[in-house]
Amino acid sequence: MIDESTYAETMERTVVPALLQCREEGWFDPSAAERSAGLEPLPGLMDTGGRSGQLHYVCYDAGKFDAIREAGATATFRGAIVISHGFTEFAEKYDELVWYFLLAGYSVCVLEHRGHGKSSRDVDNHCMVWIDDWKRYVADLAGFAQTIGQRYAAGMPINLFCHSMGGGIGAAVLEQYPSLFDKAVLSAPMIAPATGMPLPLTRILVGAICGLGFGKKRVFGQSDFTPEFSMQGNEGASEARERWYFKLRCEHPEYQTYCASFEWVRQALKLSRAILSPAACAEVEAPVLLFQSGRDIWVLNKPQNRFIQLIKDGGDEATLVRFNESRHEIFSMPNAVYKPYLEKILSFYDDPMIASASY
């Protein structure tokens with residue numbers, strides 16, 4: 001594990017230079033995948049340094065990484081891991097985790113979801129996230145994995161790692177494209193968002209607001225990004241990691257997504273309802289390992305429990321591991337939490353018997 005006392009120095013001098021030597025940056029055209037899902041592609045409004053209507057991705061080749069001969073690398077190719085990031089996140093936030101996956105022998109592919117990072121956006125406020133239909137997220141991730149992800153897997157297993165919003169998207173992909181991934185890790189997934197009020201009431205309120213034409217307005221109480229670092233709300237997390245993420249946000253305007261639109265909330269609730277359909281959960285084929293954060297304030301834990309139970313009820317393999325003292329982002333916690341978390345992830349991916357035995 002990276003020593004937290006020298007975290008920024010290690011990232012700058014070792015991790016980032018190594019990643020640059022095996023990194024491919026590109027653009028995924030989601031139009032074919034979206035049309036297959038019955039959606040008309042969106043043109044995109046904002047220029048984030050990318051291409052209108054297209055989605056930005058970053059991939060890392062395990063073979064090129066092994067050629068660097070970094071200490072601790074296995075030099076054994078194990079396949080590919082597709083990362084589905086969380087709300088307001090971006091590809092580079094996962095550099096440390098990508099580093100560990102590469103050391104373990106996996107190529108890694110990170111798609112920046114629509115409205116995030118350099119990917120196409122559809123609202124004027126670059127700090128705000130909007131989506132017209134949750135199914136677009138799902139079609140985009142599946143299309144990306146079926147093309148770019150499979151290319152990097154090169155005939156070996158293709159696995160999924162997803163966090164928060166990306167976990168909700170990933171869960172729906174597992175249900176709708178059951179043979180796409182070999183294994184899936186869902187880290188504090190947004191099976192249902194925490195809204196501060198009962199979800200049925202939130203559905204009524206947000207539906208009414210969107211119905212009045214305010215779907216592209218910022219949710220009450222949220223704000224745009226400001227360059228003032230604070231650990232408020234992240235007490236107990238690794239300050240070194242949080243400062244690193246914040247530095248990236250400050251240096252890149254396209255990473256400053258920070259708040260939700262009312263339509264995004266409405267679609268998140270629709271996604272939740274779809275995920276928790278017993279019939280949909282019964283379609284899951286890939287073994288699932290779900291990590292739950294005991295101190296989570298962004299997503300609800302009980303719907304995660306229900307999701308795992310519904311998969312089991314459908315006859316498929318699913319395991320829940322709870323970190324009682326962890327905040328929402330387990331990969332942002334100190335090494336005492338991050339290390340066992342990472343070990344469980346890699347053991348799950350690496351175990352050839354996992355599809356037929358309990359974790």
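Rules of the game
Residues numbered from 1 in each chain as written. Predicted model: local features only at pLDDT ≥ 70, side-chain atom pairs only at ≥ 80, totals over all residues. Heavy atoms only, no water. UniProt positions renumbered as here; feature names shortened; annotations may be inferred. Helix = DSSP H or I, 4+ residues; strand = E, 2+ residues; numbered from the N terminus. Axes fitted to C-alpha atoms, helices over the stretch in contact; angles between N-to-C directions. Parallel < 35°, antiparallel > 145°, perpendicular 65-115°, else oblique. Contact = heavy atoms within 4.5 Å. Nonpolar A, V, L, I, M, F, W, Y, C, P; charged D, E, K, R; others polar. Buried < 20%, exposed > 50% of the residue type's maximum accessible area, 1.4 Å probe, protein only. Pairing = 2+ DSSP bridges. Right-handed = clockwise from strand over helix to strand, strands pointing away. Core = buried A, V, L, I, M, F, W, Y, C linked by side-chain atoms within 4.5 Å. Phe/Tyr/Trp six-rings, centres within 6.5 Å; stacked < 30°, edge-to-face > 60°. Lys NZ or Arg CZ within 6 Å of the ring centre and 35° of its normal.

A.B. asks: Hey, could you run me through the UniProt feature "domain: Serine aminopeptidase S33" (unreviewed entry) in the protein in this one?
C.D. replies: The UniProt entry lists residues 78–331 under the feature "domain: Serine aminopeptidase S33" (unreviewed entry), expressed in the numbering used here. Here residues 78–331 is 39% helix and 15% strand, with 22 Å between the C-alpha atoms at its ends.

A.B. asks: Help me understand the packing of helix α1 (residues 7–20) against helix α8 (residues 239–251) in this model?
C.D. replies: Each pair of packed helices gets described by two things: the angle between the helix axes and the distance between those axes. Contact geometry for α1 and α8: axes closest at 9 Å, N-to-C directions at 60°. By the criterion of interaxial angle, the relationship of α1 to α8 is oblique. Within the contact between the two elements, α1 uses Y7, A8, M11, E12 and V16 and α8 uses A240, R241, W244 and K247. Counted by class, the contact of α1 with α8 contains six nonpolar, no polar and three charged residues.

A.B. asks: Can you walk me through the environment of D182 in this structure?
C.D. replies: Inspection of the secondary structure assignment puts D182 in the loop between α6 (165–176) and β7 (183–187). The contacts of D182, once residues within four sequence positions are left out, are P157, I158, N159, A286 and P287.

A.B. asks: How should I be thinking about the pairing of strand β3 (residues 79–84) in this particular structure?
C.D. replies: Looking along a regular strand, one sees the side chains alternate between the two faces of the sheet. Most of β3 is tucked away, with six of its six residues classed as buried. Here six bridges tie β3 to strand β4 (residues 106–111), and the two strands are oriented parallel to one another. The residue of β4 that forms the bridge with S84 is L111. For the crossover from β3 across helix α4 (residues 95–103) to β4, the handedness is right-handed.

A.B. asks: How do you make sense of the nonpolar core when you look at a structure like this?
C.D. replies: In summary, soluble globular proteins display a tendency toward joint burial of nonpolar side chains. Core analysis: the largest hydrophobic core is formed by 61 residues, its most contacted members being V82, F144, L174, F181, L186, W264 and F307. Formed by 50 residues, the second largest nonpolar core is a distinct cluster that contains L19, A91, W99 and F323.

A.B. asks: Any chance you could explain the packing of aromatic side chains here in plain terms?
C.D. replies: Geometrically, a pair of aromatic rings is defined through the distance of the ring centres and the angle of the planes. Evaluation of the coordinates by the stated rule reveals 20 aromatic pairs. Taking the centre distance of 5.5 Å and the plane angle of 70° together, the rings of F229 and F246 count as edge-to-face. Note that F229 is positioned in the loop between α7 (199–211) and α8 and F246 in helix α8, a separation of 17 residues in sequence. Since its relative accessible area comes to 25%, F229 is described here as partly exposed. One aromatic cluster is present, formed by Y100, F291, F323, Y338 and Y341 through successive ring pairs. Just above the ring of F348 sits the side chain of K183; from NZ or CZ to the centre is 5.8 Å. The side chain of K247 reaches across the aromatic face of W244, ending 4.9 Å from its centre.

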